[in-house]
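This is what each chain is made of:
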Amino acid sequence: GLAQPQERYPEALALYRRSVASAPGRQNAQYNLGNLLVSVGRSDEAVEHLREAVRIWPEFAVAHEILGHAYRNLGEAELSLQAFQRSVEIDPDAPNAQYNLGVALLRLGRPQQALGPFGEALRLQPDLTPALIGLGDAHAALGDRESALGAFQRALLLARDQGDLELARQIGNHLEQVRDARSR
């Protein structure tokens, strides 16, 4: 049968470490190792490899985006924001990068600024449910309950259409919170 991803992790880690050791100046080798480390919760180790990848190739948008995730995982909100901003500067047509920039702004208490990236992510990919949730959260943080409800209702319909019942349940909780806040 097929090996589970976690069973293949040590093998992949060894392969990527050998790749970096044999060609430390290759941005893809650094990126692949950093990305793997982030995906298994070792963001502290990942940062050095991702920073090296973007030092070698400053226009490596996806590496900046994954670096943003690594910094976020380490609680480095401002560094995370900077990495996501750089990713979007390089590739403004990447919906996930726009979404991640919105999340970073929202986490830093900047909901007004987050509206733009969430809106752009949805323009690029209208069915990006997490961006609708982020948009709803930003509107709710700004006290715009009607816009928040509209975003959450659209997200709920998308999640149901996509068959993601767990996400639909989570969105339902967001809707209840906004409705409860409105009735106070």
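Predicted, not measured: the structure shown is a model, and the values here were computed from it. By convention here, each chain's residues receive numbers from 1 onward along its written sequence. Local features in a predicted model are, by the rule used here, given only for residues with pLDDT of at least 70; side-chain atom pairs are given and counted only at 80 or more, and totals for whole chains, interfaces and linings are based on all residues. Hydrogens and water are ignored here; the side-chain numbers use all heavy atoms of the structure.

Q: How should the packing of helix α2 (residues 27–39) against helix α3 (residues 43–56) be read in this particular structure?
A: Between two packed helices, what matters for the description is the angle formed by their axes and the separation of those axes. Every axis in this analysis is a line fitted to C-alpha atoms, fitted for helices over the stretch in contact. Angles between the N-to-C directions lie between 0 and 180 degrees. Secondary structure counts use DSSP, requiring at least four H or I residues in a row for a helix and at least two E residues in a row for a strand, with both numbered from the N terminus. At a minimum axis separation of 8 Å, α2 and α3 run at an interaxial angle of 155°. Comparing the axis directions of α2 and α3 gives the class roughly antiparallel. With respect to the hand of their crossing, α2 and α3 are arranged in left-handed fashion. Within the contact between the two elements, α2 uses Q27, Q30, Y31, L33, G34, N35, L37 and V38 and α3 uses S43, E45, A46, H49, L50, E52, A53 and I56. Orientation categories follow fixed angle ranges, with anything under 35 degrees roughly parallel, anything over 145 roughly antiparallel, 65 to 115 roughly perpendicular, and all other angles oblique. Crossings are sorted by hand: turned counterclockwise from the far helix by less than a right angle, the near helix makes the crossing left-handed, and turned clockwise it makes it right-handed. Any two residues having at least one pair of non-hydrogen atoms within 4.5 Å are treated as being in contact.

Q: Would you take a moment to explain helix α8 (residues 129–141) for this structure?
A: Since one α-helical turn is 3.6 residues long, residues separated by three or four positions face the same way. A helix's residues, less one, multiplied by 1.5 Å, set its expected span. Its 13 residues place the ends of α8 18 Å apart at the C-alpha level, agreeing with the 18 Å of an ideal helix rising 1.5 Å per residue. When you tally the buried positions in α8, you get 10 out of 13 residues, the bulk of the element. To sort residues, take the accessible area from a 1.4 Å probe on protein chains only and compare it with the maximum for the residue type: under 20% means buried, over 50% means exposed, and anything in between is partly exposed. Where α8 is concerned, the buried positions are T129, A131, L132, I133, G134, L135, G136, A138, H139 and A140. Of the residues flanking the end of α8, it is G143, one or two places downstream, whose phi is positive at about 80°.

Q: How should I be thinking about the nonpolar core in this particular structure?
A: As a rule of thumb, soluble globular proteins bury nonpolar side chains together. Residues belong to one nonpolar core when they are buried, are Ala, Val, Leu, Ile, Met, Phe, Trp, Tyr or Cys, and are joined through side-chain atoms within 4.5 Å. F152 and I171 are the most contacted members of the largest nonpolar core, which totals 34 residues. With eight residues, the top contributor of residues to this core is helix α9 (residues 145–161). Ranked by size, the runner-up nonpolar core spans 21 residues in total, among them Y9, L50, A63 and A70.

Q: Could you clarify how one ought to interpret the side chain of Q30 in this entry?
A: Inspection of the secondary structure assignment puts Q30 in helix α2. For this analysis, a polar contact is any N or O atom pair within 3.5 Å, provided that within protein one partner can donate a hydrogen and the other can accept it, and provided that sequence-adjacent residues contribute only side-chain to side-chain pairs. At a separation of 3.1 Å, a polar atom in the side chain of Q30 contacts the main-chain carbonyl oxygen of P24.

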